Amino acid sequence: MATDFWASSHYKRWIVDRATLKESRSDDLQYVDDSEYLDFFAIFFANVITKLGKKLNFRQRVIATAIVFFRRFYIKNSYCETDPFIVIAACCYVAGKAEESPVHIKNMVAEARLFFSQQPYGVKYFPSDNSKLAEMEFYLVADLECDLTVFHPYRTLLSICKKESSNDLQTEAGEVGVGVDDGPRYWGSGDGQLELPDDAFQLAWSIINDTYRSDICLLYPPHLLAITALYLAVVLHGPTRELLQQQSHSVEATPVHSSPRRSSRQSSSTSSGHIKKSSQDFVAFFAELNISMPLVATIAQEIISLYTLWERYIEDSDPVDSARGAFFGHAQTQPGVSHSGVSTPVESLDDAQRPHGATPTFLLQVLTRMRENRLSDMAHASSGRPVVVNKMLERTQAAG
């Protein structure tokens, strides 16, 4: 495994721009009435992978890797031309291997088949043949170009907040910036570590978990996501925010005056005692980082936009490791919304029946229509001649 992020395939080939992401969804945009549905798909499929990963007893890092594999696969493929559910199973299967938490293919097929057959998914065509998942694994690895090394923001967060031992830091030095003498660094000339209460640290961890509900993990290096999560956690965590406000007020109220001369011994002992007793300056910590704070602010705005969109996504259960409550202060359930209606199939996509946001059942209905219309267009092209079908995708679609 490459220990230097800046020399890894993740940095060199899988940090993409928005134009690439827009181009990857060009086919799907032809079969949806609103491009926002594709953003809801990102939340929906990330939740599906998270739930399946927990069924398989995966660690959070393995689940995050599976989501990244899913996102990378759909840079080169379209929802309307593939079966996302067998792709999800393959992503979890490959992520387990890549993160040294393998699951036997029989167990993977059995768990995925059982999970997807339940409501609200109701997938009846998931293959029971292990060879279908094995075949999809080869297609997935081929589209990933055998780049199975994924760096995540968790290690950077643990490093900055003094949650890891020095031995752990040395295992992936390039990811956290420790022991790297050249190239971009994540912290400045100070201690380079931030002391946060456990609640604030958990909030930052949950914010990182939530970023995988969008394409942010494809747009920015993981250390920037970790620092942005810390930035938001400091602002959103009540006690930490109050401490930050007290620091800003004390700086404004402190008069500038000359102090009487003291001996060097007295000065050093006083200053050292003052350092031990004083609380950490959060503003100074972020100011010393060797990063672009305007870029961090941009990422923070994108994360807030994700939460705004996520607030309109209606699902029975909300992830317990999410930071949504810190942004909105309430659970996902909305008054007047019947959760029993979520599992009721939507017969049509008329304007009168479209929900204000989106539900899993509604998104599945949209996905079914997209795939049906795409297959129809491929069979009956405007030229009157059948379109050549990608055999790999055709076999994936017919996996059941």
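All figures in this text were calculated on a predicted structure; none of them were measured in a lab.

Basis of the calculations
- Residues numbered from 1 in each chain as written.
- Predicted model: local features only at pLDDT ≥ 70, side-chain atom pairs only at ≥ 80, totals over all residues.
- Heavy atoms only, no water.
- Helix = DSSP H or I, 4+ residues; strand = E, 2+ residues; numbered from the N terminus.
- Buried < 20%, exposed > 50% of the residue type's maximum accessible area, 1.4 Å probe, protein only.
- pLDDT = per-residue confidence, 0-100.
- Contact = heavy atoms within 4.5 Å.
- Salt bridge = Lys/Arg side-chain N within 4 Å of Asp/Glu carboxyl O.
- Axes fitted to C-alpha atoms, helices over the stretch in contact; angles between N-to-C directions.
- Parallel < 35°, antiparallel > 145°, perpendicular 65-115°, else oblique.
- Left-handed = near helix turned anticlockwise from the far one by under 90°.
- Nonpolar A, V, L, I, M, F, W, Y, C, P; charged D, E, K, R; others polar.

### A short note on the overall build of the chain
Inference 1: Looking only at helices and strands, the chain has 21 helices and zero strands in total.
Inference 2: Taken across its 400 residues, the chain has 49% of its residues classed as buried.

### A few points about the environment of Phe5
Inference 1: In this fold, Phe5 is placed in the segment before helix H1 (9–13).
Inference 2: Along the chain, Phe5 and Val150 lie 145 residues apart, while their C-alpha atoms are 9.1 Å from each other.

### A short note on the confidence of the model for the chain
Inference 1: Chain-level statistics for the chain give a pLDDT mean of 76 and a share of 66% at 70 or above.
Inference 2: Highest mean pLDDT in the chain belongs to helix H5 (residues 60–76) (95); lowest belongs to helix H11 (residues 173–176) (41).
Inference 3: Note on residues 165–183: pLDDT under 50 across the span, and 40 contacts to partners over four residues away in sequence or across chains.
Inference 4: Note on residues 330–355: pLDDT under 50 across the span, and 41 contacts to partners over four residues away in sequence or across chains.

### Some points on the pattern of salt bridges
Charged atoms that come close allow side chains of opposite charge to pair.
Inference 1: Summed over the entire model, instances satisfying the criterion amount to twelve salt bridges.
Inference 2: Its salt-bridge partner being Arg13, residue Glu145 comes within 3.7 Å of it at the nearest N-O pair. With Glu145 in the loop between helix H8 (130–143) and helix H9 (153–160) and Arg13 in helix H1, the pair connects residues that are 132 residues apart, well separated along the chain.
Inference 3: Looking at Arg13, the relative accessible area reads 43%, which means it is partly exposed.
Inference 4: Close ionic contact of Arg371 with Asp83 constitutes a salt bridge, the shortest N to O distance being 3.8 Å. With Arg371 in helix H20 (residues 360–379) and Asp83 in the loop between H5 and helix H6 (84–98), the pair connects residues that are 288 residues apart, well separated along the chain.
Inference 5: The class for Arg371 is buried, based on a relative accessible area of 16%.
Inference 6: When salt bridges with common partners are traced through the structure, they connect Arg13, Lys76, Glu145 and Asp147 into a single cluster.

### So, the packing of helix H4 (residues 36–55) against H6
Inference 1: Orientation of H4 relative to H6, taken along the N-to-C sense of each, is 45 degrees, at an axis distance of 10 Å. One finds that H4 runs oblique with respect to H6. Remark: the crossing between H4 and H6 carries right-handed chirality. Within the contact between the two elements, H4 uses Phe45, Val48, Ile49 and Leu52 and H6 uses Pro84, Ile88 and Cys92.
Inference 2: Considering only residue class, the contact of H4 with H6 consists of seven nonpolar, no polar and no charged.

### Focus on the packing of H4 against H5
Inference 1: Look at H4 against H5: their axes get within 9 Å of each other, and the N-to-C directions meet at 140 degrees. Considering the angle they form, H4 stands oblique to H5. At the point where H4 passes H5, the crossing takes the right-handed sense. Two secondary-structure elements touch here, H4 through Ala42, Phe45, Ala46, Ile49, Thr50, Gly53 and Lys54 and H5 through Ile63, Ala66, Ile67, Phe70 and Arg71.
Inference 2: Of the residues belonging to the contact of H4 with H5, the class tally is eight nonpolar, two polar and two charged.

### As for unusual backbone geometry
Inference 1: Here the bond from Gln119 into Pro120 is cis, since omega is 10 degrees, no more than 30 degrees from zero.
Inference 2: You can see Pro120 is positioned in the loop between helix H7 (105–117) and H8.
Inference 3: At Asn57, a residue that is not glycine, the phi angle is positive and equals roughly 60 degrees.
Inference 4: Structurally, Asn57 is set in the loop between H4 and H5.
Inference 5: Since its relative accessible area comes to 68%, Asn57 is described here as exposed.
Inference 6: Despite not being glycine, Glu100 has its phi angle at roughly 60 degrees, a positive value.
Inference 7: Mapped onto the elements of the fold, Glu100 is located in the loop between H6 and H7.
Inference 8: Note on Glu100: relative accessible area 73%, which makes it exposed.

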